Amino acid sequence: DAICASSLCVEGACAESKQSIGESCILDNDCSNNKCGFDAFSSDASGVCCEGGYYSMFTFSTDGWPTTDIRKFCQDRPIGTLCGVTDAICASSACVEGACAEAKRSIGESCTFDNSCSTNKCGYNSYSTDASAVCCERDYYSMFTFSTDGWPTTDIRKFCQDRPIGTLCGVTDAICASS
């Protein structure tokens, strides 16, 4: 700012005014409200001057970001905005399956992430390779599953607990309501 006749440096060049809400930015200093953040949780997202505040969080190169670093994301984003698994980005405070939604998913509804569920618990509804992941009523039990048993990979998987009599349970009592 100090070397510009206008005393305003925006996106690396002297400018007549700072960027307005919704306009592109690189740094907080580019914006009239000093709030520059990504407009969605995506490495392809643009930096914009945020209408409200922003939320800072780590992003990882293993998730497609150019580097592992702290990045800022505009808050109060509308339904459908990519949000990763971060409720703080969404105006509704409900990030469901990677996008801002009206509300979290209810018990028994399909899920991929704990964060998608109103109970914050997503697990398989039985010990079966055909089972679906659903929002658990209470808690879940984590255990190894093996590709030799028909699972796609050998991995730790979560299973909803308190399952009714007749539910497939593998070799553990931990997921049965009767245990």
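Further up the page is the structure itself.
Sequence order as written defines residue numbering, which begins from 1 separately in each chain. Local features in this predicted model are restricted to residues whose pLDDT is 70 or higher, and side-chain atom pairs enter the listing and the counts only when it is 80 or higher, whereas totals over whole chains, interfaces and linings include all residues. Excluded from the side-chain calculation are hydrogens and water; included are all heavy atoms of the structure.

Draft legend 1. Looking closely at the overall build of the chain. A helix here means a DSSP run of H or I that spans at least four residues, while a strand means a run of E at least two residues long, and both kinds are numbered starting from the N terminus. Scanning the chain from terminus to terminus reveals zero helices and 12 strands. Mapped in sequence order, the helices and strands of the chain form the string β-β-β-β-β-β-β-β-β-β-β-β. Here the chain has a C-alpha radius of gyration of 22 Å; the compact-globule value for 179 residues is 16 Å, and the former is much larger. A principal-axis box enclosing the C-alpha atoms of the chain has dimensions of 75 × 30 × 20 Å. Each residue gets one of three labels from its accessible area relative to the maximum for its type: buried under 20%, exposed over 50%, partly exposed in between, using a 1.4 Å probe on protein chains only. A total of 179 residues make up the chain; the buried ones form 35% of that total. We take the radius of gyration over the C-alpha atoms and set the globule estimate at 2.2 Å times the residue count to the 0.38 power.

Draft legend 2. Spotlight on the nonpolar core. The term nonpolar core refers to a set of buried residues drawn from Ala, Val, Leu, Ile, Met, Phe, Trp, Tyr and Cys, joined through side-chain atoms within 4.5 Å. Counting nine residues, the largest nonpolar core is built from Phe41, Met57, Trp65, Phe73, Cys83, Ile89, Cys90, Cys95 and Cys100. For this analysis, residues touch if any pair of their heavy atoms sits within 4.5 Å. If we ignore the near neighbours within four places in the chain, the residues touching Cys90 are Asp76, Arg77, Cys83, Cys95 and Cys100. Among the nonpolar cores identified, the runner-up in size contains six residues, and Tyr127, Met143, Trp151 and Cys176 belong to it.

Draft legend 3. Geometry of the environment of Phe144. Relative to the helices and strands, Phe144 resides in strand β11 (residues 140-145). Each C-alpha atom of the pair Phe144 and Thr154 lies 7.0 Å from the other, and the pair is 10 residues apart in sequence. The residues touching Phe144, leaving out its near neighbours within four places in the chain, are Tyr127, Thr154, Asp155 and Ile156.

Draft legend 4. Here's a closer look at the state of the cysteines. What counts as a disulfide here is a pair of cysteine sulfur atoms lying within 2.5 Å. The final tally for this structure, using the stated rule, is nine disulfides. Residue Cys50 pairs covalently with Cys74 via a disulfide, S to S 2.1 Å. When the S-S torsion is -80°, as for the bridge of Cys50 with Cys74, the disulfide is left-handed. In this pair, Cys50 sits in the loop between β4 (47-49) and β5 (54-59) while Cys74 sits in strand β6 (residues 69-74), placing the two residues 24 residues apart along the sequence. For Cys111, the disulfide goes to Cys122, at an S-S distance of 2.0 Å. Where Cys111 bonds to Cys122 through sulfur, the torsion about that S-S bond is close to 100°, and the disulfide is right-handed.

Draft legend 5. Molecular detail of the environment of Trp151. Checked against the element boundaries, Trp151 lands in the loop between β11 and β12 (155-160). With 98 residues separating them in the primary sequence, Trp151 and Gly53 have C-alpha atoms 43 Å apart. Among residues more than four places away in sequence, those in contact with Trp151 are Tyr124, Tyr127, Ser128, Thr129, Thr145, Phe146, Arg157 and Phe159.

Draft legend 6. How the structure looks around the packing of aromatic side chains. Centres within 6.5 Å make a pair out of two Phe, Tyr or Trp rings, where for Trp the six-membered ring is used; the pair is then stacked when the planes are under 30 degrees apart, edge-to-face when over 60, and tilted otherwise. Counted according to the given criterion, the structure contains 12 aromatic pairs. For the pair Trp151 and Phe159, a centre-to-centre distance of 5.9 Å together with 80° between the ring planes defines the contact as edge-to-face. Here Trp151 falls in the buried class, since its relative accessible area comes to 4%. Put simply, the rings of Phe38, Phe41, Trp65 and Phe73 touch in pairs and so form one group of aromatic residues. In this structure, Lys35 is placed above the aromatic ring of Tyr54, and the distance from its NZ or CZ to the ring centre is 5.0 Å. By the criterion adopted, a ring carries a charge over it if an Arg CZ or a Lys NZ lies within 6 Å of its centre and within 35 degrees of its normal.

Draft legend 7. Expanded view of unusual backbone geometry. If you check the backbone angles, Ser93 has positive phi at about 60° while not being a glycine. With respect to the helices and strands, Ser93 occurs in the loop between β6 and β7 (95-96). For Ser93, a relative accessible area of 46% gives the class partly exposed.

In short, the description is geometric, and any link to function would need to be established separately.
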